[in-house]
Amino acid sequence: MVNEDQARAPRRRLNSRGRRRHAGWALALCGLLALTACGSGNDFAGAGSSASAGATSQSALSSLPADAQKAYVNADAFTGPTPYVEGWKPKGPPPWTIGYASPYAGNSWQTTAMNHLMNDVLPKYKKAGLIKDVIVAQSGGDDTVQNQQIRQLVDQGVDILIACCSAKTALNQSIQYAYDKGVPFVAWSGHVDSPYSVSAVTNYREAGKVFAKSVFDKIGGKGNVLDVQGVPGATNAIDFESGVQDALKEYPGIKQVGSVNGMWSAPVTKTEVQKFLATHPGQLDGIVAQPASATGALQALQQSGRPVVPINIGGETGAACYWVNHPEFATTGYNIWPPEGEMDLGIETAVRILQQQGPKIQSIVLSVSPISYDQVKKTLGTNCDPNADGWLEPADGWLTGKKLDAFFTNPSDPFTWKKP
């Protein structure tokens, strides 16, 4: 486990100019897609013109059901095909060993996800004879260390790699190293921009916009707002912030009076927001906070003696509990990265790849999931703890099982799968 100071450490970048282009399959510029307006394009097209690359990416996206395609609008994620289709085979048969290259473990989200992995997910897959073990490496938020650990995991003989919350391109050379050794890479809770990876993520840019608009609308479209961001350099934090800025362009009456890095941690957020409040005595009308920061922001307001202003609800049980007992606090909530649901999605995606189910598209993208007041009240009750550091999980589950079938060429329930 890393402490909060380690979690705050700046992320170092690796130069990714040495990425090799793969001529056997083409990946597209997201901006060429009629259905998306991606902020980052796929610049890994290896053969043919950009037009043909766009057609390849368009084909991958159009292979999905119409409802699934809607989640990709404005998503900052690659939408080309993957190399893990017909003809690709894992290094060996099950049970497989998974390498988990975790960037940090400094908050309740990571702790919840890790506990769920070890206590619930792994035993289930072990019992089914699908997973032998999960080897975990923690890099303390250092990209250089994470790259070294990825290569070490590959050299140790893992069959597939998973990682969450990483930078877009900092791991590209190590991801290619893994691919060259026959080891796929699955990014969850944050996409990576490598043609040798598969990402399973929420549309974080759209989430940032939706979260911000929920606060802007609550304060009547006018006022001063504080922006609480996440871990610097993490893809999902960057995408979320892009969505916040998208929303600001639509609300000329909203003024962003400051921003702090909450590091997806309630204690860190509380400290940073308190510092802001101490140096900015002017009026504050609302706070837009990335999930894992709402409870800390709320605590900062209360302990500073400042009026409680609208803050978006993002799945944290502490802030959600305050909402239960103060219905006027928010209109609706949203779930974009429930730790247990996201871990389930990452592991199931990895297992399906090893089962040669063939992911159709490089990024499996989810829509933002609304949470109603009644749902939260039913789940938490009125005697809940407004300072709790837990997480709400979607009542109808995340993207697993039958819901995930649409993203694979040869879909099958992983637990009833038959070896091809």
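What you see is a predicted model; the values in this text were computed from it and never measured.

(A) Examining the overall build of the chain more closely. Along the chain, the regular secondary structure elements total 13 helices and 11 strands. For the chain, the share of sequence-separated contacts (at least 6 apart) that also reach a separation of at least 24 residues comes to 78%. Surface exposure of the chain reaches about 16000 Å², of which carbon and sulfur atoms provide 50%.

(B) Expanded view of the sheet that holds strand 5 (residues 197–202). Across the sheet, six strands lie side by side as 2-1-3-4-5-10; this open sheet has parallel pairing. Only two strands of the sheet have a single neighbouring strand rather than two, namely strand 2 (131–138) and strand 10 (363–366). Put simply, the sheet's adjacent strands are angled 15° from each other on average, direction ignored. Each of strand 1 (96–102), strand 2, strand 3 (160–164), strand 4 (185–188), strand 5 and strand 10 is contacted by helix 12 (residues 339–354), which is oriented at about 160° to strand 4, the strand it contacts most.

(C) Inspection of the confidence of the model for the chain at higher detail. Scored by pLDDT, the chain comes out at a mean of 87, with 87% of its residues at no less than 70. A low-confidence stretch, residues 1–54 (pLDDT under 50), is modelled with 135 contacts involving residues beyond four sequence positions or located in other chains.

(D) The arrangement of the nonpolar core in detail. Tyr100, Leu161, Phe185, Phe216, Trp264, Ile347 and Phe407 are the most contacted members of the largest nonpolar core, which has 95 residues in total. If we ignore the near neighbours within four places in the chain, the residues touching Phe407 are Leu64, Ala68, Tyr72, Gly358, Pro359, Lys360, Ile361, Ile364, Val365 and Leu399. Ranked by size, the runner-up nonpolar core spans 28 residues in total, among them Val228, Leu298, Leu301 and Trp323.

(E) Summary view of helix 12. Here helix 12 contains 16 residues, and its C-alpha end-to-end distance of 23 Å stays within 8% of the 22 Å for a straight helix at 1.5 Å per residue. Most of helix 12 sits inside the fold, with 14 of its 16 residues counted as buried. Just beyond helix 12, the residue with positive phi is Gln356, at close to 60°.

(F) Up close: the environment of Ile371. The topology assignment puts Ile371 in strand 11 (residues 369–371). The class for Ile371 is buried, based on a relative accessible area of 8%. Spatially, the C-alpha atoms of Ile371 and Glu393 are 9.8 Å apart, while their sequence positions differ by 22 residues. Those residues in contact with Ile371 that sit more than four places away from it in its chain are Gly315, Trp323, Thr332, Gly333, Tyr334, Asn335, Val376 and Leu392.

(G) Expanded view of the pairing of strand 6 (residues 223–229). By the criterion of burial, strand 6 is predominantly enclosed, with five of the seven residues buried. Where strand 6 and strand 8 (residues 286–289) come together, four bridges link them in parallel fashion. If you follow Leu226 over to strand 8, its bridge partner there is Ile287.

(H) Layout of the state of the cysteines. Scanning all chains against the criterion turns up one disulfide. At a sulfur-sulfur separation of 2.1 Å, the disulfide partner of Cys321 is Cys384. Taking the torsion about the S-S bond as the criterion, the Cys321 to Cys384 disulfide, at about 95°, is right-handed. With Cys321 in helix 11 (residues 317–325) and Cys384 in the segment after helix 13 (373–380), the pair connects residues that are 63 residues apart, well separated along the chain. For the pair Cys321 and Cys384, a shared accessibility class is recorded, and that class is buried.

(I) Geometry of the packing of aromatic side chains. Scanning the model with the defined rule gives 14 aromatic pairs in all. Between Trp109 and Trp188 the ring centres are 5.7 Å apart and the planes differ by 25°, which places this aromatic pair in the stacked class. Taken together, the residues span a long stretch of sequence, with Trp109 in helix 4 (residues 108–127) and Trp188 in strand 4 at a distance of 79 residues. Classification of Trp188 by relative accessible area gives buried; the value is 0%. Measuring from ring centre to ring centre gives 4.6 Å for Tyr179 and Tyr196, while their planes differ by 35°; the resulting arrangement is tilted. Separated by 17 residues along the polypeptide, Tyr179 in helix 6 (residues 172–180) and Tyr196 in the loop between strand 4 and strand 5 bring together distant segments of the chain. Above the plane of the ring of Tyr177 lies Arg151, whose end atom (NZ or CZ) is 4.7 Å from the centre.

(J) Spatial organisation of the packing of helix 4 against helix 12. Across the interface, helix 4 lies against helix 12 with an axial gap of 8 Å and an inter-helix angle of 45°. In terms of their interaxial angle, helix 4 and helix 12 are classed as oblique. Regarding helix 4 and helix 12, the two cross each other, and that crossing is right-handed. Across the interface between the two elements, Trp109, Thr112, Ala113, His116, Leu117, Val121 and Tyr125 of helix 4 pack against Pro339, Glu340, Glu342, Met343, Asp344, Ile347, Glu348 and Val351 of helix 12. Its residues placed into classes, the contact of helix 4 with helix 12 shows nine nonpolar, two polar and four charged.

Rules used in this analysis
- Residues numbered from 1 in each chain as written.
- Predicted model: local features only at pLDDT ≥ 70, side-chain atom pairs only at ≥ 80, totals over all residues.
- Heavy atoms only, no water.
- Helix = DSSP H or I, 4+ residues; strand = E, 2+ residues; numbered from the N terminus.
- Contact = heavy atoms within 4.5 Å.
- Areas by Shrake-Rupley, 256 points an atom, 1.4 Å probe, with all protein chains shown as cover.
- Pairing = 2+ DSSP bridges.
- Axes fitted to C-alpha atoms, helices over the stretch in contact; angles between N-to-C directions.
- pLDDT = per-residue confidence, 0-100.
- Core = buried A, V, L, I, M, F, W, Y, C linked by side-chain atoms within 4.5 Å.
- Buried < 20%, exposed > 50% of the residue type's maximum accessible area, 1.4 Å probe, protein only.
- Expected span 1.5 Å × (residues − 1).
- Disulfide = S-S within 2.5 Å.
- Phe/Tyr/Trp six-rings, centres within 6.5 Å; stacked < 30°, edge-to-face > 60°.
- Lys NZ or Arg CZ within 6 Å of the ring centre and 35° of its normal.
- Parallel < 35°, antiparallel > 145°, perpendicular 65-115°, else oblique.
- Left-handed = near helix turned anticlockwise from the far one by under 90°.
- Nonpolar A, V, L, I, M, F, W, Y, C, P; charged D, E, K, R; others polar.

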